[in-house]
Amino acid sequence: MAGPFDDLDRDPARPALPRADRPGGLRALVRGLRRRCPRCGGGRLFESAFRIRSRCPRCRLPLEREEGGFLGAMVVNYGATAAVWVALLVVWLVVDLPDVNVLGLTLASIGVAIVMPLLFWGSSKSIWAAVDYLVYRTDPGYASAEAVDRSSGNGGRT
């Protein structure tokens, strides 16, 4: 069922993908968490441990739409690191109170602050690609692989 504002900005000459062909928000985010393409679910998004491809090799979805566009991935990575650190802090305090080993807590905190961003880096990049996909998936130029191939470096948006 279409909403009252669905067709305001849509170019009738280029229809978007049908809703049945697009994954829902939860599915796209879970695919991102699993380091898979948010649109098609394909893998092999990474060229190496710390280098993501510019497009999905299967459906050609742009994974890095523009230079500097992954500030959001840094925020996701920071949030995950902060959540793990808060969980460590709570468990440490529950176990170690009333005499808190401050040196041990400090060293464990530094370890989390160094190791967690490195381990979660790839997932944060693919999660942010999923968020980006969910924001722009209704744009007809972003929704199709053919439009991505026609675009002039603007992330598939014409």
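Computed from a predicted structure; not experimentally measured.

Q: Hey, could you run me through the nonpolar core in this one?
A: Inside soluble globular proteins, nonpolar side chains tend to come together where they are buried. With 12 residues, the main nonpolar core is built from Ala 28, Cys 37, Cys 40, Leu 45, Phe 46, Ile 52, Cys 56, Cys 59, Leu 61, Leu 63, Ala 129 and Tyr 133. With residues near it in sequence (within four places) discarded, Cys 40 still touches Arg 31, Cys 56, Arg 58 and Cys 59. Listed in part, the 5 residues of the second largest apolar core include Ala 80, Val 112, Met 116 and Phe 120.

Q: Is there a simple way to think about the packing of helix H2 (residues 71-96) against helix H3 (residues 102-136) in this case?
A: Helix packing for two helices is described by the angle between their axes and how far apart those axes are. For the pair H2 and H3, the least separation of the axes is 7 Å and the interaxial angle reads 145°. As H2 runs across H3, the sense of the crossing is right-handed. Considering only residue class, the contact of H2 with H3 consists of 18 nonpolar, 6 polar and 1 charged.

Q: Please explain the side chain of Ser 123 as it appears in this structure.
A: Along the chain, Ser 123 falls in helix H3. From its side chain, Ser 123 meets the backbone oxygen of Leu 33 in a polar contact 3.5 Å long. Sequence-distant contacts of Ser 123, that is, excluding residues within four places in its chain, are made with Gly 32, Leu 33 and Arg 35.

Q: Help me understand the pattern of salt bridges in this model?
A: Opposite charge on two side chains lets them pair, provided their charged atoms get close. Enumeration over the complete set of coordinates arrives at 2 salt bridges. Of the charged contacts, one joins Arg 51 and Glu 47 as a salt bridge, the two residues approaching to 2.7 Å between their closest N and O atoms. The class of Glu 47 is partly exposed, set by a relative accessible area of 45%. Notably, a salt bridge pairs Glu 64 with Lys 125, separated by 3.1 Å at the nearest N-O pair.

Q: Whenever I open this one, H3 confuses me. Can you help?
A: The α-helix advances 3.6 residues per turn, and as a result positions three or four apart in sequence lie on the same side. At Trp 121, H3 shows its largest bend, some 50°. For H3, the N-terminal capping position is held by Asn 101, with its side-chain oxygen 3.4 Å away from the main-chain nitrogen of Leu 103.

Q: Mind showing me how you'd approach the confidence of the model for the protein here?
A: As a general rule, the predicted coordinates of low-pLDDT regions are not to be interpreted in detail. For the protein, per-residue confidence averages 80 on the pLDDT scale, and residues scoring 70 or more make up 75% of the total. When pLDDT is averaged over each element of the protein, H2 comes out on top at 95 and helix H5 (residues 145-150) at the bottom at 54.

Q: Got a minute to help me understand the packing of aromatic side chains in this structure?
A: Aromatic ring pairs are described here by two measures, namely the spacing of the ring centres and the angle between the planes. Evaluated as defined, the whole model comprises 2 aromatic pairs. Taken together through their ring pairs, the aromatic side chains of Phe 46, Phe 50 and Trp 121 make up a single cluster. It is Arg 35 that lies over the ring of Phe 46; its NZ or CZ is 5.6 Å from the centre.

Q: Can you walk me through the state of the cysteines in this structure?
A: Linking two cysteines covalently through their sulfur atoms gives a disulfide. Overall, the coordinates contain 0 disulfides when judged by the stated rule. Between Cys 40, a cysteine without a disulfide, and Cys 56, which holds the nearest cysteine sulfur, the sulfur-to-sulfur distance is 3.7 Å.

Q: Explain the packing of helix H1 (residues 25-33) against H3 to me, please; I cannot follow it from the model alone.
A: Put simply, H1 and H3 touch, their axes get as near as 7 Å, and they point 155° apart. In this view, H1 runs roughly antiparallel relative to H3, as classed from their interaxial angle. Crossing geometry of H1 relative to H3 is assigned as right-handed. Residues Gly 25, Ala 28, Leu 29, Gly 32 and Leu 33 of H1 touch H3, and the partners they reach there are Phe 120, Ser 123, Ser 126, Ile 127, Ala 130, Val 131, Tyr 133 and Leu 134. In the contact of H1 with H3, the residues fall into 9 nonpolar, 4 polar and no charged.

Q: I would appreciate a short explanation of a nonpolar patch on the surface in the present structure.
A: A cluster of nonpolar side chains, Phe 50, Leu 103, Leu 107, Ile 110, Ile 114, Val 115, Leu 118 and Leu 119, forms an exposed patch at the surface whose accessible area comes to about 830 Å². Mapped onto the elements, Val 115 comes out in helix H3.

Q: Explain the side chain of Thr 81 to me, please; I cannot follow it from the model alone.
A: Positionally, Thr 81 belongs in helix H2. Judged by its relative accessible area of 11%, Thr 81 is buried. Those residues within four positions of Thr 81 in sequence are excluded, and the remaining contacts are Val 112, Ala 113, Met 116 and Pro 117.

Rules used throughout
- Residues numbered from 1 in each chain as written.
- Predicted model: local features only at pLDDT ≥ 70, side-chain atom pairs only at ≥ 80, totals over all residues.
- Heavy atoms only, no water.
- Core = buried A, V, L, I, M, F, W, Y, C linked by side-chain atoms within 4.5 Å.
- Buried < 20%, exposed > 50% of the residue type's maximum accessible area, 1.4 Å probe, protein only.
- Contact = heavy atoms within 4.5 Å.
- Axes fitted to C-alpha atoms, helices over the stretch in contact; angles between N-to-C directions.
- Helix = DSSP H or I, 4+ residues; strand = E, 2+ residues; numbered from the N terminus.
- Left-handed = near helix turned anticlockwise from the far one by under 90°.
- Nonpolar A, V, L, I, M, F, W, Y, C, P; charged D, E, K, R; others polar.
- Polar contact = N/O pair within 3.5 Å; in protein donor to acceptor, adjacent residues only side chain to side chain.
- Salt bridge = Lys/Arg side-chain N within 4 Å of Asp/Glu carboxyl O.
- Bend = angle between axes of the 7 residues up to and from the residue.
- pLDDT = per-residue confidence, 0-100.
- Phe/Tyr/Trp six-rings, centres within 6.5 Å; stacked < 30°, edge-to-face > 60°.
- Lys NZ or Arg CZ within 6 Å of the ring centre and 35° of its normal.
- Disulfide = S-S within 2.5 Å.
- Parallel < 35°, antiparallel > 145°, perpendicular 65-115°, else oblique.
- Patch = residues over 30% accessible without salt bridge, like charges linked within 9 Å, V, L, I, M, F, W, Y side chains within 5 Å.
- Areas by Shrake-Rupley, 256 points an atom, 1.4 Å probe, with all protein chains shown as cover.

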